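# Residue-level structural notes
The primary structure of each chain is shown beneath.
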Amino acid sequence: MRIFIDSANLAEIRRAVSYGIIDGVTTNPSLIAKEGHDHHDQIRAICGILDGDISAEVVSTDVDGMIAEGRELAKIHDSVVVKIPLIRDGIKAVGALASEGIRTNVTLCFSPLQAILAAKAGAYLISPFIGRLDDISLDGIQLIREIVTIYDNYGYATQVLAASARSPLHVKEAALAGAHVSTLPYKVFDKMFSHPLTDIGLEKFLADYRRTLVAHA
Ligand code: E4P
């Protein structure tokens, strides 16, 4: 499973990338707004931090606007994957951009039927939002399972990117469900490292080692 960081914060992205295991970054207009910089400048800065897929979202809602914006975003860097909302014009834009060799990440996916439309249009990634479904008492992970099964049934090349993760459990469940990618807020990524038995075990190993040093001094 590839791991992306869901953030537009450069310090956070650098910190995550320093582990050498991050495969990309997803952003959205809300995440970029939090940083207070120009949308394109922030995407350019992120592209300078790592070699991986960097999702950058369009803000137009009509097909021509999305295509034009997608072309501009794709010009920023080869790493850019153009994020397109799962609306009618969005599906048309995905097809047009795919025919020009521009990769897309279809976002705001909440149903398997929407995911079929994105795959048929030639999306590179589909982003089902787990957390936002759980927030309204629906089963986000079940959506991942259903999309993975449908894509496998028909051999669709579109990769499933589990988005809107709220916890390490979401990451584990998305991996078990066969998601190709999970995108994580930094705090969720950071929690993946932790296990109390690791800390207790290491403390004991080091204490025993120190005792050996004293015994042989
Ligand atoms: C990712 O591509 C999405 O923009 C993101 O995961 C949404 O997460 P949220 O539901 O926590 O805003």
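For every chain, the first residue of its written sequence is number 1, and the numbers climb from 1 along that sequence. Given that the model is predicted, a residue must reach a pLDDT of at least 70 before its local features are reported, and side-chain atom pairs must reach 80 or more before they are shown or counted; all residues, however, enter totals for whole chains, interfaces and linings. Side-chain calculation: all heavy atoms of the structure are included, whereas hydrogens and water are not.

## A few points about the site of the ligand
Which entries qualify depends on this criterion: We call a residue near a given molecule or strand whenever any one of its heavy atoms falls within 4 Å of it. As used in this structure description, the phrase polar contact means that two N or O atoms lie within 3.5 Å; if the pair is within protein, one of them must be able to donate a hydrogen and the other to accept it, and residues adjacent in sequence are counted only when both atoms belong to side chains. Each accessible area value is a Shrake-Rupley result obtained with a 1.4 Å probe; residue values ignore everything except the protein chains displayed when judging cover. In this analysis, the protein atoms alone were mapped onto a 1 Å grid. Cavities are point sets where a 1.4 Å probe fits without being able to get out; pockets are open sets with protein on both sides within 12 Å along at least five of seven lines; lining residues have an atom within 4 Å of a point. The way we define it, a molecule is inside a pocket or cavity when more than half of its atoms are within 2 Å of that pocket's grid points.
Contacts to the ligand come from Asp 6, Thr 26, Asn 28, Lys 83, Phe 129, Arg 132, Ala 163, Ser 164 and Arg 166. At 2.7 Å from an oxygen atom of the ligand is found a side-chain nitrogen or oxygen belonging to Asn 28. Here an oxygen atom of the ligand and a side-chain polar atom of Arg 132 are 2.7 Å apart. For the ligand, the protein covers 85% of the area, taking 350 Å² as the surface of the free molecule. Among the detected pockets, the ligand sits in the largest pocket.

## Description of the sheet that holds strand S1 (residues 2-6)
Stated formally: For two strands to pair, DSSP has to find at least two bridges joining them. Runs of E in the DSSP output that reach at least two residues are strands. Runs of H or I that reach at least four are helices, and both are numbered from the N terminus. Helix axes are fitted only over the stretch in contact, all axes being lines through C-alpha atoms; the angle between N-to-C directions runs from 0 to 180 degrees. Any two residues whose heavy atoms approach within 4.5 Å are treated as being in contact.
Ordered in space as S1-S2-S3-S4-S5-S6-S7-S8, the eight strands form a closed barrel in which the pairing is parallel. Taking the axes of each pair of neighbouring strands and ignoring which way they run, one obtains an average angle of 30° across the sheet. Where strand S3 (residues 53-57) lies against strand S4 (residues 80-85), four bridges are found, and the strand directions are parallel. Residue pairing in the sheet places Ala 56 in a bridge with Val 82 of S4. Contacting strand S2 (24-26), S3 and S4, helix H3 (residues 39-47) crosses the sheet at an angle of about 175° to S3.

## Here's the deal with the pattern of salt bridges
The criterion, for reference: We define a salt bridge as a side-chain nitrogen of Lys or Arg found within 4 Å of a carboxyl oxygen belonging to Asp or Glu.
For the structure shown, the criterion picks out ten salt bridges. Glu 72 is paired through a salt bridge with Lys 75; the nearest N and O atoms lie 2.9 Å apart. One end of the pair, Glu 72, and the other, Lys 75, are both in helix H4 (residues 63-76), three residues apart, so they sit about a helical turn from each other. It is possible to trace a salt-bridge network through shared partners that takes in Arg 2, Asp 53 and Arg 103.

## Focus: the packing of aromatic side chains
Which entries qualify depends on this criterion: Centre distance within 6.5 Å is the pairing criterion for rings of Phe, Tyr and Trp, where only the six-membered ring of Trp is used; planes under 30 degrees apart are then read as stacked, over 60 as edge-to-face, and the remainder as tilted. Relative accessibility decides the category of a residue: with a 1.4 Å probe and only protein chains considered, values under 20% of the type maximum give buried, values over 50% give exposed, and everything between is partly exposed. Counted as over-ring charges are cases with an Arg CZ or a Lys NZ within 6 Å of the ring centre that also lie within 35 degrees of the ring normal.
What the rule picks out here adds up to seven aromatic pairs. The interplanar angle of 40° and the centroid separation of 4.7 Å between the aromatic rings of Tyr 19 and Phe 193 together place this pair among those described as tilted. Within this pair, whereas Tyr 19 is found in the loop between helix H1 (10-17) and S2, its partner Phe 193 is found in the loop between helix H10 (186-191) and helix H11 (196-215), the two being separated by 174 residues in sequence. For Phe 193, a relative accessible area of 43% gives the class partly exposed. Centroid distance Tyr 151 to Tyr 156: 5.6 Å. Interplanar angle 80°. Geometry classified as edge-to-face. Owing to a relative accessible area of 2%, Tyr 151 belongs among the buried residues under this scheme. Assessed through its relative accessible area of 25%, Tyr 156 is described here as partly exposed. Ring pairs connect the aromatic residues Tyr 19, Tyr 186, Phe 189 and Phe 193, which therefore count as one cluster. The residue whose ring lies beneath Arg 15 is Tyr 186, and the NZ or CZ to ring-centre distance is 4.9 Å.

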